[in-house]
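# Per-entry structural report
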Amino acid sequence: MAGLIRKEDIDEVRSRTDIREIIEGYVTLKTAGIGTFKGLCPFHDERTPSFNVRPAMGTYHCFGCGESGDVYSFMMAMEHTSFVETVERLAARLNYELHYEGGGGADRYEAHQRRRLLDAHKVAAEFYEKQLYSAEAGEAQRFLGAKGFTPEDAKKFGVGYAPRGWDNLYKHLRAAGFKDEELRATGMFSDNRSGGMYDRFRGRVMWPIRTVAGETIGFGARRIYEDDQGPKYLNTPETSLYKKSQVLYGIDLAKRSMTKSKRVVIVEGYTDVMAAHLAGVDTAVATCGTAFGAGHIRVVRRMITDDGSGGEIVFTFDGDAAGQKAAMAAFEQDQSFVAQTYVTIVEDGMDPCDLRLAKGDAAVRALIEAKRPLFEFVVETTLKAYDLSTIEGRVLAMRAVAPVVAGIKDRDLRSAYMRRVSGMLGMGLDEVQRAVAEAQRNPKPARSVPSAPAEPSVDYAALAGYAVQGVNPEAAVVQQAQPVQQNYQAQGYQVQPAQGAAASATVQPGVSQPGVPQTAMAPQAAAQPGSQQLPPGFVSPVVQVPVVQDPTVDFVMPSIQDPVARVERAALESVLQLPQLVSYEQWQNFARSKFRYRVHREIAAGVVHAASHLAPAAGIQWLNAVREGADPAVHAAIAQFSVERLPVANDQQQPFYVHGVMCSLQEAQIARRKSDLMMHLQRLNPETEALEYQAVQRELLDLERERRALRSSSSA
């Protein structure tokens with residue numbers, strides 16, 4: 001690993017980036033109230049805009065499908081990039097230099113080296129593309145023209161030409177400032193006997209192989225000269241950037257259509273991808289010199305959100321024996337998909353590129369629409385291998401096809417295929433059912449699919465500056481164990497949820513305790529008359545931290561029809577959007593509040609954490625501090641609450657609304673406490689436990705007086 005991006009840099013890039021400007025690259029936004037913009041959601045189809053953006057908060061939320069987040073989550077969803085890639089791309093856009101932590105000097109060098117390799121590939125791609133229009137590239141131009149591609153088509157896909165000389169690219173990159181050790185690591189050069197280097201690709205048509213984000217990481221090269229004794233296709237070898245088992249050619253062009261349509265078409269070559277896209281099949285991709293495997297499956301599943309909500313995987317193969325063999329190999333990976341898998345076979349030995357040349361764009365589109373379920377194709381292909389005119393052949397065919405049918409996930413579809421096989425073999429349905437049941441009990445090892453490697457985990461407690469919040473024995477304070485590096489979790493490291501429960505914490509005013517965030521903060525803006533103004537970081541004694549429940553319980557958003565949920569949510573929306581309007585006394589009451597719903601409790605913990613570290617003020621910095629103190633599982637809810645429109649007509653009404661909401665929250669807390677005391681009172685014996693009985697009654701009276709005073713204050 002190249003170390004973690006420094007948390008301060010992550011927050012700074014988020015704060016400097018205008019989320020509205022980023023989102024408007026994908027969505028048309030219009031003004032929709034105070035500081036809010038609205039547009040059609042890019043995550044689901046809708047006719048009425050329900051996608052809200054709050055630039056001041058740096059968040060977005062769709063009230064139609066529930067998608068929420070910040071500029072990082074938006075870019076990751078739209079561009080299908082990792083968290084690290086997203087931060088690096090946005091930082092580069094701002095010309096902001098990132099710093100990395102958690103790794104040694106070698107790790108930081110690795111991050112720098114990766115950037116240099118990407119830059120070298122970018123320069124090389126531009127070089128090859130320019131060479132395609134040189135006088136030497138006549139053969140390459142004729143090759144592309146014979147395939148039906150125009151110069152405009154070549155530019156769209158970045159197609160280029162590698163000159164026939166031994167060191168054309170080498171000299172060009174050296175002149176651009178790249179060192180030999182950097183060039184050797186790109187895979188674009190080979191070593192000669194004298195210790196020097198020469199171009200790996202010479203006299204070939206070149207296709208840049210890009211990541212989902214559009215960064216060139218390798219090349220595919222096609223032989224075009226008869227005297228070239230090398231292989232027909234030559235690809236970049238395995239490098240730190242290029243892993244052929246994980247890359248798909250055309251993914252950068254197909255990503256948006258794949259995400260929107262939840263369909264991907266797998267073809268066999270670079271020209272097939274070009275032909276498919278130009279014919280209107282803009283979800284086509286291809287593997288690069290290897291069979292479609294587990295690494296490609298992970299990429300595709302992420303792109304189409306393969307979660308059972310629909311989706312199609314369409315494999316295209318030639319109609320020859322090799323194509324049928326490839327289709328059978330693809331079938332071995334079928335169980336890795338939740339989406340439906342299909343196959344379409346091009347007859348007469350043609351591929352999609354040949355089909356487009358012979359019959360036009362419509363024929364390519366018709367080919368994809370003529371897809372057949374992969375199971376159906378495999379069943380028929382399996383049966384063709386046996387002599388069904390004999391009893392022995394039919395029995396052997398039934399035994400061979402039984403594991404195929406047993407692998408069908410849909411029970412109704414499996415039953416239909418058993419009936420179909422029964423008819424095709426002329427055997428009783430009960431015999432086929434027994435064979436399939438036996439195959440289910442004893443599945444063949446060949447049907448298994450390699451599982452994805454476990455994600456690496458990091459002991460954050462061992463990283464200086466990123467230790468989790470825990471127990472401070474000297475102060476006798478028990479705090480909720482909450483990892484503070486939730487932004488780093490998205491970089492691929494597993495942060496285990498906090499365990500155990502937290503009791504009330506007593507903190508001395510003005511005493512900073514290392515490793516333990518303070519639990520409340522005295523706002524400077526709206527303190528009650530007569531109350532002491534305290535600077536950020538000072539807290540009042542005897543402040544309770546919200547109780548932590550079993551972390552295995554899901555964060556379920558409660559129904560807004562629940563009156564308690566409405567009160568809690570309104571209070572959280574207020575402290576997220578307008579924290580500067582909450583008075584000192586209300587902050588103290590908020591910190592003591594016990595929220596009924598876990599998602600609300602977790603957000604409240606993040607708010608208390610933020611209030612203990614900086615003066616409450618609406619904006620991105622405030623929300624960053626809230627996120628830091630909350631479980632990553634509620635970050636989407638934080639984003640949603642931060643953009644929820646408050647029921648006020650103008651800025652002048654905001655203080656009155658916030659005051660009323662906070663009073664309602666406190667009244668709900670009083671009602672809850674009264675209910676608990678009434679239940680306790682019923683269990684007490686007024687004669688044998690007179691003192692405790694009387695104490696509970698007095699507390700009930702005090703709570704009732706407090707409730708009436710609060711009601712009066714709220715009305716005023």
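As a reminder, the structure under discussion sits directly above these lines.
Here's what I pulled together on the structure shown here. (Residues numbered from 1 in each chain as written. Predicted model: local features only at pLDDT ≥ 70, side-chain atom pairs only at ≥ 80, totals over all residues. Heavy atoms only, no water.)

Turning our attention to helix 6 (residues 138–146). Each turn of an α-helix holds 3.6 residues, which means side chains three or four residues apart point in the same direction. Within helix 6 the residues assigned to the buried category are Gly138, Ala140, Phe143 and Leu144. In this structure, the buried side of helix 6 is in contact with helix 7 (151–157), strand 8 (160–162), strand 11 (204–210) and strand 12 (216–223). Among the residues trailing helix 6, Gly148 stands out with phi positive, at a value near 90°. (Buried < 20%, exposed > 50% of the residue type's maximum accessible area, 1.4 Å probe, protein only. Helix = DSSP H or I, 4+ residues; strand = E, 2+ residues; numbered from the N terminus. Contact = heavy atoms within 4.5 Å.)

The strand order 15-14-16-17-18 describes an open sheet built from 5 strands, whose pairing is mixed. At either end of the open sheet lies a strand with only one pairing partner, and these are strand 15 (284–286) and strand 18 (372–373). Two elements, strand 17 (residues 340–346) and strand 18, share 2 bridges in a ladder whose sense is antiparallel. Residue pairing for strand 18: Val343 is matched across the bridge by Arg372. Here helix 15 (residues 361–369) sits on the sheet in contact with strand 14 (263–267), strand 16 (312–318) and strand 17, set at roughly 135° to strand 17. (Pairing = 2+ DSSP bridges. Axes fitted to C-alpha atoms, helices over the stretch in contact; angles between N-to-C directions.)

Between helix 16 (residues 374–384) and helix 18 (residues 411–425), the shortest axis-to-axis distance is 12 Å and the interhelical angle comes to 25°. Overall, the two elements helix 16 and helix 18 adopt an arrangement that is roughly parallel. For the crossing formed where helix 16 meets helix 18, the hand is right-handed. From helix 16, Phe375, Glu376, Val379, Glu380 and Leu383 reach across to helix 18, where they touch Tyr417, Arg420, Val421, Met424 and Leu425. Residues of the contact of helix 16 with helix 18, tallied by class, amount to 7 nonpolar, no polar and 3 charged. (Parallel < 35°, antiparallel > 145°, perpendicular 65-115°, else oblique. Left-handed = near helix turned anticlockwise from the far one by under 90°. Nonpolar A, V, L, I, M, F, W, Y, C, P; charged D, E, K, R; others polar.)

The strand order across the open sheet formed by 5 strands is 2-3-4-5-6, and the pairing between neighbours is antiparallel. The strands lining the two open edges of the sheet, one partner per strand, are strand 2 (30–31) and strand 6 (68–70).

Take the packing of helix 11 (residues 270–278) against helix 14 (residues 352–359) next. Describing two packed helices takes the angle between their axes plus the distance from one axis to the other. Packing of helix 11 against helix 14 leaves a shortest axis separation of 7 Å and a crossing angle of 45°. Classified by the angle their axes make, helix 11 and helix 14 are oblique. Side by side, helix 11 and helix 14 meet where Thr271, Asp272, Ala275 and Leu278 of the first sit next to Pro352, Cys353 and Arg356 of the second.

Considering all chains together, one arrives at 39 salt bridges under this definition. For the salt bridge of Arg6 with Asp9, the shortest nitrogen-to-oxygen distance reads 2.9 Å. With relative accessibility at 25%, the residue Arg6 sits in the partly exposed group. Residue Asp9 is classed as buried on the basis of its relative accessible area of 0%. Note that Glu704 and Arg708 form a salt bridge whose closest N and O atoms lie 3.0 Å from each other. Within this pair, Glu704 and its partner Arg708 are both found in helix 27 (residues 690–715), separated by 4 residues, close to a single helical turn. Taken together, the salt bridges that share partners define one network made up of Lys7, Asp11, Arg14, Asp70 and Glu628. (Salt bridge = Lys/Arg side-chain N within 4 Å of Asp/Glu carboxyl O.)

Enumeration over the complete set of coordinates arrives at 18 aromatic pairs. Centre to centre, the rings of Tyr72 and Phe83 are 5.4 Å apart; their planes meet at 75°, and the pair counts as edge-to-face. With Tyr72 in helix 3 (residues 71–79) and Phe83 in helix 4 (residues 83–94), this residue pair connects regions lying 11 residues apart in the sequence. Phe83 shares its class with Tyr72; the two are buried. Considering the side-chain rings of Trp166 and Tyr198, the 5.5 Å spacing of their centres and the 75° angle between planes classify their relative orientation as edge-to-face. (Phe/Tyr/Trp six-rings, centres within 6.5 Å; stacked < 30°, edge-to-face > 60°.)

The subject of this paragraph is unusual backbone geometry. Not every positive phi belongs to a glycine, and Asn95 is a case in point at roughly 55°. Taking relative accessible area as the criterion, Asn95 reaches 73% and is therefore assigned exposed. Unlike most non-glycine residues, Lys262 shows phi in positive territory, near 55°. As for its position among the elements, Lys262 is in the loop between helix 10 (251–261) and strand 14. Residue classification places Lys262 among the buried residues on the basis of a relative accessible area of 18%.

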